[in-house]
Every structure is written in structure tokens, then in C-alpha cells.
Amino acid sequence: MTAVKRLYPFIACLAIMFSVGAIVVGQLVPDPYLDPLNVTVSEYAVADRGGVTEVAMVVLGLGSLALLGGLRAAGAPVRGVPERLLMVWSGALVVAAVIPTTPIGADLTLTAQIHWYVSIAAFVSLPVAAALLVPRLAADADWKPVARVVEWLALAGGLGVLAITYVALPGERVLIGLVERLLLGAEVALLGVLAAWLVRLWWIRTVGKAVNFTTYHRFLANGS
């Protein structure tokens, strides 16, 4: 990997950690009277005058692109549909951050409808990408150890998509905030697992090889 590509795993990990922290802060700052169990993250973002939540979404989207770049550079089996779905996830996050929804109780505008559709694209694309990756990861020696974890997180994400669809339509938004946060938690956890394992592989392939190479030459020197 080139010098820039070697940074992708670390950029992805830092972006994910920053986004999680910023989103938590964004949920606490806007208005103590907003109920996180019944208010979506997007609606919190509208009330967040500091823009912390939007920044977190953009950083997470860009960090997801860095993760994708790192996966490709490391030879992970992401080519094809999973790769495109990860790009949809990343782009949808950025667009949803730039184009906000309407405040709570206001009528849906055109921009709010765009925000709604790209949010759906983000929610759906990542679990589907993970589901498609599971058999590929299981067949790859480097990624097989995390295949089962990815499978469980993909299942959790899929169930979350079904749950939020029900809550948003016939469920009349009851506990929609809780359901959405659980879904986002599963999806961010999925990104975190892939990013952390990518860092581990990078460490083994670079630092590990360097240490083994040095040890081997010391052994030859001592032997001679």
C-alpha cells in the first residue's frame, strides 16, 4: 500500500470514534426537553444550533469512504455490489447532513423529503452490504475471524430496518428515536469492527513482518 492508503484504517477508526462522541454530545446539547426516545437524530440535528450532529454525520460518511479505501487496498473481498452499497451509505450520510429535515411538527418540505429518502438509503445499504460480505469474509483467511460478528451485526441492522419501517408507518412513530438509535448503533458497530480488524491486519503485515525480518537477520548474524 502507498503511504496515503496506509493511513486509511487509522482515519476510519478516528472518524468513527469522533462521530460517536460528537453525536452523543449533539444529543445532549440542543434541548433538555426533547425526548430521545421519540425524537429522531435528524430532528435533534435541526435543534442543534452548533451543528455538532451534522459535523458528526459528515465525518462518519468521509470516514466510511476511508474505510472502503482501506479495505480495497488491503485486498478485502468488497469488490462489486458491497463496495457500491458502502459508497451509497457514505454519500447518503453526507447528503443527509447537508440537507436537513424540518423542525418537529413542521410540514415536510422538498429538502426534508430528500433528507428522508437519503436517510432510508443509508439505513438500508449498510446492512445489505454486510450481509453480502459475510460469505466472502468467511471464505477469506484474513477476514474469516470476524465473519460471524459481521453476520450478527448485519442481522441486527436488518431487524432494525424492519423495526424502524414499522414504527415510522403503522406504528405512528412510537419510540422511533429509540429504534433509530439502536439501528445506528448496530451500523456504527459494524463499521467499527471492520475498521479495527483492518488496523490489525495492517499491523501484522507491516510491523509484524518488519520485526520478523529483523529477528531473522539477527539470528543469521549470531549463527555466523
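Source: prediction; values computed, not measured. (Residues numbered from 1 in each chain as written. Predicted model: local features only at pLDDT ≥ 70, side-chain atom pairs only at ≥ 80, totals over all residues. Heavy atoms only, no water.)

Peer 1: What exactly am I supposed to notice about the overall build of the protein here?
Peer 2: Secondary structure assignment for the protein yields 7 helices and 0 strands. Order of helices (α) and strands (β) in the protein, N terminus to C terminus: α-α-α-α-α-α-α. Each of the 224 residues in the protein was classed as buried or not, and the buried ones make up 41%. (Helix = DSSP H or I, 4+ residues; strand = E, 2+ residues; numbered from the N terminus. Buried < 20%, exposed > 50% of the residue type's maximum accessible area, 1.4 Å probe, protein only.)

Peer 1: What is the right way to look at a nonpolar patch on the surface in this model?
Peer 2: Taken together, the side chains of V81, W116, Y117, I120, V124, V128 and L132 define a hydrophobic patch exposed on the protein surface, amounting to about 610 Å² of accessible area. Structurally, W116 can be placed in helix 5 (residues 110-138). A relative accessible area of 46% means that W116 is categorised as partly exposed. (Patch = residues over 30% accessible without salt bridge, like charges linked within 9 Å, V, L, I, M, F, W, Y side chains within 5 Å. Areas by Shrake-Rupley, 256 points an atom, 1.4 Å probe, with all protein chains shown as cover. Salt bridge = Lys/Arg side-chain N within 4 Å of Asp/Glu carboxyl O.)

Peer 1: Help me understand the packing of aromatic side chains, please; the structure alone is not making it clear to me.
Peer 2: By convention here, two paired aromatic rings are described through the distance between centres and the angle between planes. In the structure shown here, the tally under the stated rule is 3 aromatic pairs. Measuring from ring centre to ring centre gives 4.9 Å for F10 and W202, while their planes differ by 85°; the resulting arrangement is edge-to-face. Of this pair, F10 sits in helix 1 (residues 3-28) while W202 sits in helix 7 (residues 176-223), and the two are 192 residues apart along the sequence. With a relative accessible area of 31%, F10 lands in the partly exposed category. Centroid distance W202 to W203: 6.4 Å. Interplanar angle 50°. Geometry classified as tilted. When its relative accessible area of 18% is taken as the criterion, W202 is described as buried. Aromatic ring contacts, followed pair by pair, group F10, W202 and W203 into a single cluster. (Phe/Tyr/Trp six-rings, centres within 6.5 Å; stacked < 30°, edge-to-face > 60°.)

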